[in-house]
Every structure is written in structure tokens, then in C-alpha cells.
Amino acid sequence: MVSAPIWEMKSLLTEYELMALQLSLKVATYSVIWLLPFGILLGWLLARKEFIGKSVLDSLIHLPLVLPPVVIGYLLLIAMGRQGFIGQWFYDWFGISFSFSWRGAVLACAVVSLPLMVRAIRLSIESVDLKLEQAARTLGASSLKVFLTITLPLTLPGIVTGIMLAFARSLGEFGATISFVSNIPGETQTIPLAMFSFLETPGQEMAAARLCIISIIIALGSLLLSEWVSRKVRRKVAGA
Amino acid sequence: MTNPQVEVEFYKQMESAELAVNFTVPAQGITAIFGRSGAGKTTIINAISGLLVPDRGKININGMTLYDSQDKRNVAVEKRNVGYVFQESRLFPHFSVQRNLNYGVKKPDNLYFEEIVGLLDLKELLNRYPRDLSGGEKQRVAIGRALLSKPDILLMDEPLASLDLPRKREVMPFLEKLAQRICIPILYVSHSLNEILRLADHLVVIDKGRVVACGGIEDVWSSQVMRPWQSFHEQSSLFSAQIAKHNLEYGLTQLKFREGLTFWVQQISAEPGSNVRLQIRANDVSISLEKYDNTSIRNILPVRIVAIEHQHDGADKKSVNLKLDMKGGCYLWATITRWALDELKLCEGMDVYAQIKGVSVSQKDVALTGYQSQ
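Rules used in this analysis
Sequence order as written defines residue numbering, which begins from 1 separately in each chain. Written order decides the labels, with chains lettered from A and ligands numbered from 1. In keeping with the predicted nature of the model, local features appear solely for residues at pLDDT of at least 70, side-chain atom pairs appear and are counted solely at 80 or more, and the whole-chain, interface and lining totals rest on all residues. A run of H or I in DSSP becomes a helix once it reaches four residues, and a run of E becomes a strand once it reaches two; helices and strands are each numbered from the N terminus. Counting other C-beta atoms within 10 Å of a residue's C-beta gives its exposure: the residue is buried at 20 or more, exposed at 12 or fewer, and partly exposed in between, where C-beta atoms are placed from the backbone. Contact between residues is assigned whenever the C-beta positions, reconstructed from backbone atoms, fall within 7 Å. Under the scheme applied here, ten amino acids are nonpolar (Ala, Val, Leu, Ile, Met, Phe, Trp, Tyr, Cys and Pro), four are charged (Asp, Glu, Lys and Arg), and all others, including Gly, are polar. For a helix, the expected span equals 1.5 Å multiplied by the residue count minus one. By definition, a residue's bend is the angle between the axes fitted to the seven residues ending there and the seven starting there. Strand pairing is assigned whenever DSSP identifies at least 2 bridges connecting the two strands. Every angle, taken between N-to-C directions, lies between 0 and 180 degrees, and every axis is a line fitted to C-alpha atoms, over only the stretch in contact when it is a helix. Note on terminology: angles under 35 degrees are roughly parallel, angles over 145 are roughly antiparallel, angles of 65 to 115 are roughly perpendicular, and the others are oblique. Two helices that cross are described as forming a left-handed crossing if the nearer one is turned anticlockwise from the farther one by less than a right angle, and a right-handed crossing if clockwise. A score between 0 and 100, pLDDT records how confident the predictor is in each residue.

(A) Seen up close, the overall build of chain A. The secondary structure content of chain A amounts to 10 helices and 0 strands. Considering only C-alpha atoms, chain A reaches an extent of 70 × 45 × 30 Å along its principal axes. Counting across all 240 residues of chain A, residues that qualify as buried make up 36%.

(B) Quick peek at the environment of A:T138. Mapped onto the fold, A:T138 is located in helix α6 (residues 130-138). Given 26 C-beta atoms within 10 Å, A:T138 falls into the buried group.

(C) Quick look at the interface of chain B and chain A. Each partner contributes to the interface: chain B provides 19 residues, whereas chain A provides 19 residues. For the side of chain B that touches chain A, a count of residues per class yields 10 nonpolar, 4 polar and 5 charged.

(D) Here's a closer look at unusual backbone geometry. Residue and element names in this part refer to chain B. The phi dihedral of N62 falls on the positive side, at around 50°, and the residue is not glycine. In this structure, N62 sits in the loop between β4 (56-61) and β5 (64-68). When the 14 C-beta atoms within 10 Å are taken as the criterion, N62 is described as partly exposed. Despite not being glycine, D121 shows a phi value in the positive range, around 55°. Tracing the backbone through its elements, the reader meets D121 in the loop between α3 (110-119) and α4 (135-148). Since 14 C-beta atoms lie within 10 Å of it, D121 is described here as partly exposed.

(E) Quick look at helix α5 (residues 102-126) of chain A. Residues and elements named next belong to chain A. When the terminal C-alpha atoms of α5 are compared, their 35 Å separation across 25 residues agrees well with the 36 Å that a helix rising 1.5 Å per residue should span. A bend of about 45° at S113 is the largest found in α5, and the proline P115 appears one to four places after it. Judged by how many residues are buried, α5 sits mostly within the fold: 22 of 25 residues are covered.

(F) Geometry of the pairing of β5(B). Residues and elements named next belong to chain B. Here 4 bridges tie β4 to β5, and the two strands are oriented antiparallel to one another. Looking across to β5, one finds that N60 is bridged to T65. Connecting β4 to the antiparallel partner β5 that follows it, the hairpin turn spans 2 residues, and N62 within it adopts a positive phi of roughly 50°. Across 2 bridges, the pairing between β5 and strand β6 (residues 73-74) is antiparallel.

(G) Focus on the pairing of strand β9 (residues 186-190) of chain B. Residues and elements named next belong to chain B. Burial runs high along β9: 5 of the 5 residues are buried. Across the two faces of β9 the burial is the same, with I186, Y188 and S190 and L187 and V189 all buried. Examined bridge by bridge, strand β3 (residues 30-34) and β9 share 5 bridges and lie parallel to one another. Bridging across to β9, F34 finds its partner in S190.

(H) Quick peek at the sheet that holds strand β15 (residues 275-281) of chain B. Residue and element names in this part refer to chain B. Taken together, 5 strands build an open sheet; the order of strands is β14-β13-β12-β15-β21 and the sheet is antiparallel. One side of each edge strand has no neighbouring strand; the edge strands of this open sheet are β14 (261-266) and β21 (366-368). Looking at each pair of strands side by side, their axes are set apart by 40° on average, direction ignored. Inspection of the sheet shows β15 paired to β21 by 3 bridges, in the antiparallel sense. In the strand pairing of β21, V276 is matched with L368.

(I) Region of the structure containing the packing of helix α1 (residues 15-48) of chain A against α5(A). Residue and element names in this part refer to chain A. As a packed pair, α1 and α5 sit with axes 6 Å apart at the nearest point and diverge in direction by 40°. As the angle between them shows, α1 and α5 are arranged oblique. Along this stretch, α1 crosses α5, giving a crossing that reads as right-handed. Its residues assigned to classes, the contact of α1 with α5 comprises 21 nonpolar, 4 polar and 4 charged.

(J) Representation of helix α7 (residues 143-172) of chain A. Taking 1.5 Å per residue, 30 residues should reach 44 Å; α7(A) reaches only 38 Å between its end C-alpha atoms and comes up short. Roughly 55° is the biggest bend found in α7(A), and it falls at A:L156, with proline A:P157 one to four residues downstream.

(K) The confidence of the model for chain B, seen in detail. Residue and element names in this part refer to chain B. On average, chain B scores 86 in pLDDT, and the residues at 70 or more come to 95%. Ranking the elements of chain B by mean pLDDT puts β21 last, at 76, and helix α2 (residues 97-102) first, at 95. Taken together, the chains of this predicted complex give a pTM of 0.80 and an interface ipTM of 0.80.

(L) A look at the packing of α4(B) against helix α5 (residues 165-181) of chain B. Residue and element names in this part refer to chain B. Following both chains from N to C, one finds α4 and α5 inclined at 25°, their axes separated by 9 Å at the closest point. The angle between the axes of α4 and α5 places the two elements in the roughly parallel class. The way α4 lies across α5 gives a crossing that is right-handed. Contacts between α4 and α5 pair G135, G136, Q139 and R140 from the former with R167, E170, V171 and F174 from the latter. When grouped by side-chain class, the residues that make up the contact of α4 with α5 number 2 nonpolar, 3 polar and 3 charged.

(M) Seen up close, the environment of B:R210. Residues and elements named next belong to chain B. Of note, R210 is situated in strand β11 (residues 210-216). In the structure, R210 is positioned 114 residues away from L324 in sequence and 30 Å away in space, judged by C-alpha atoms. What R210 contacts, discounting residues up to four positions off in sequence, is A20 and V21.

Here it is, written out as C-alpha cells:
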């Protein structure tokens, strides 16, 4: 069942389950893709730069880690909803609305995963030897070239860890999503939200258990995959 | 038009000490920066490379100003075109040797690449990764990487210090070859007298953040400044000379200091006409009042005593150092006993003969120098 591609799972999964699974993967993937540049930028800023308000920025980034997810969902609703002060502006300029849409779920996932990704990348950048960057500069490399050819490749293990953590956190995201974009099948109802609906409905314990098994399988699968990728990357960085 | 020079003059307040250096050396050959650990040697080349910004001063190489606090000029590290060989090789772990070597290459130049790879014997290593290299191999790659960026000056920060003795012996011949073949100025930081003797043409001595001596190595070597580093047995004189001819039958080589002043030493493997630097230990020099013809000693030179120094390295180590003028600005040191001094009634201004056995100077006391110091 694990190895079967999604289109063949139609026979194994109900349409409803398949919808939730596809949506979960889509939301988590987009969340990670959007997070990555911010994660690298913020991680690098915190690891390598000294500036006024650095500790404030650091605290802000970590806030989603300590705030109850429902609070984050509420704040997103106020700020990024169609009537929210940023959301309104976004809608006017780009025609994009986050409310009650899968994009809102991506945003909620990205916000709660941000601290995990930044932490992993920051630690990894801090462990890159500054002496190597100095050596590269004496060889005529500009700051950008040093970053792209030395810092970034040597940070790759941390980036992989960050991607994995953010992806896992996004798959499991529940509180912020349900309070921000509600629980709409096919639009914002990811696996955790679908499972919540089944648990609320009497007589659907079996359906909830099936979703539980699906959850465990994707979680295990992504863990194994990330383990394999990070081992490859680590070996590459150590020079094999 | 003045000769190309490396002019360094700056002040820097460090955490524990202050550094105020000022020296000018010719932009040619190897200049050793010598001093105790913590004297500020590395800080000097860091300032030249731009990795460290001084508080004030001026740094000028071949007429190009890299730093000038008055003009508020501070060329970025990557634009200074310096080659830097660090104490720890600092190879990029995720690149192969080949990619490490090519990292600083601006315009591909296969001929030059082949030359450097040949000079440092890197051919076998090109496809390996830094973690599979020995310490000596890493350092050779690091030197190659710096040279391939075609720098205007090569800075070397104790490149042998992190290596054990066998690795040092392995890398040293490459450095000697480098000294003869590379025509850019090299600043070589070291606290090893042995390395300096073999490699350097000029010497800058740093003590407590100040330059205490600067000049040609022969001059600085014989000056008072070097005395604390030369122990009782190590007192010696340095000369630059040219190989005049070989005597294959006896296994000897004749060196010419200048017209009319020659010297026989054990055979040296180098072509006649090569420039060499020669170390003569003061313990190997003896004094006689007359010139004897029936003696085994091959080198007898007329000299004049210009200074007498008494040395006391403890009660059981009393000796006298004589500074002998060989004329033409060359000085030879001789260590003798006080007994001999009293019996021969030696005094300053006396004309005597210095005798040096031909066998006492061998290949290890002679360094080939590509650059003829004036």
C-alpha cells in the first residue's frame, strides 16, 4: 500500500480520504516551499549579523512555538482575513484571499513551522567555520559567491533538517488552520481536520481509525525519506 | 621610479596588547616575519590581507594602496588580490582537490595550472577530497590554491606549524622550490629559525607588537636582536655566496663570497653559478695568529677582530664570542674559550686568521636562494 502511487490508491481509499490526503500533502509542500527562502534569510541574519532589535526578531520568530495554535489562527484571521488589515491590502493588490481557502491553510502551516525551520538553519550556519569563508574571500570571492558556494552548501544538512521539521509540523497542523480557515472538505480539510470531523460524528470511529493509519504511514514515510536524504547530504558536505 | 616595495605601517589596539608596526621590504623574494608566539605576527598579515582592519596606518604593495586611514581607503579582501596560506589549510571540505585549486581562478590558464600542479606534485590528488589527504598534502593543496589565484603577494602563516616533523620534512622541499621559482613577494610568518634560514631573504623581527629589526637576513642575523634566539651552540653567521666550482674527486664545492674570497665546503648538489646562503657556526671557527701551510684546515681567511663579547650561560659554560671583519661588510663570528683569549692576548683591532674546517659546513647549512640579495 505504501509503494502504490496515489492514483492506484483509489481502490484502497475512499474519495473523501483521498481528498484529505492530497490536500494535506499539497498544503505541507507549499508551506515548505514558501518557508524555505524566509528560513534561510532569517537563519542567516540571526547567525551572522548583529543589528538593533535582533533579540526582538528572534523572540517574534519563536512566538508561534509557544503560543497556543488557536491564538495564531485568531491573529491570522484578524490580520490576513479578507477584512483583515493586511489581508484586505493583499486582496486589493494581488486578488488573493486567504480566508476559507487552502492558501490560508498554507499560511497557517508556514507560520507555525517557521521557528522550527529557522532554528535548524541558524544552528547549521553557525556551525560553518568562518575561517573557510575568510579563505574564500582571500581567493577573490565576493560575499554573494562565498554565501552560494561555501556557506549554503555546508548548511545543507541543516536545511534538510529544517525542511523535514517544517513538513512534519505542517502535516500535523490543526489549531491555527481550523480557527483561521475553518474545516471545509476539499478546500481546507486536511487529514487532522477530517479526523476531527469523524470523531465529532457518532458511528464514524472506523473512518477515524483509517485516517489515523494513513497519518502514521505518511509520517513514517517522510521520516525515512528525510533520514536517507540527510545522510546523503551529510556525506557530501563532509567530502566523500 | 622606485623599486617595488611592500610598505606596512599601522597601529591596532588588540584586546590584550597593542600593535604598532612599521617596515618596508623589497617586493621580491621571501620575507620572514619572525617573533615569539603572540608577538603579533599573524595580525600583520591579516591586516595586509584585509581580514583585519587596523585603527590607523597605511599598507602599500607594489605602489598599490590597499589601506590608508587618512584617505579612508580600505580595499575589500576579495579585491586585494592576495594569496593567503593559513596555518590550518582551510580547504573547502565539500569540494574535490581540483575544485579547491580552481576556486580562486579568474581566467582559466591550463599551462599555469599544469605548472603549479607539477611544482607541488598534486597530480595524484586532484580527484581526492580534503578529508582523505594527509596534513602535508592538505598544505600543498592550500599553497597551490593560493598561487592559482595569481596573487600580487603571497602571505603564509606558519604553514608548517600544524604538521609533525616527518610532514614538515615532506613539505619543506616544496617550499624551497617555491622560493626559487615564484617571482611574487612572499611574506612568511614563522617562529622557527630553521625554516627562516632555509627560506628567507629578508627578515622582520617582531617583539611585543613592535618591529625590532628589519633587513636582509644576513644583516639581521648577525645583529644583537637575534642573540636571545641563538643559544650557546647555535651562534652562527650567515653569508650569501655563489657556487664557483665543484671538486668531484674530493667531494667538495668552492663557494665565492666575492672576488678573491672563496671557501671550500662539502659538496653541494647545485649548478655552478647558483646563489646560495651559507651558515657557519661560531663553534666551527678557530683563530690563529699566523697562517700555517701545513694544516688540514682548508679555509684560512685573514680577518680583523672588531668586537669581543663575553658569554656566561651558567658557571660551566663560559665562552667568548669574537666578531671578525672579513672586509667588505661581511662579519664572521667565532666562539673560543677564555683561556685561548688570554693566551693569544687577543684584543679588538687585531689582525688574525680565521680557520674553518671544510667538512664542518655541509648541505644542510646551505640553502639555495633564487633571489640574490644585494
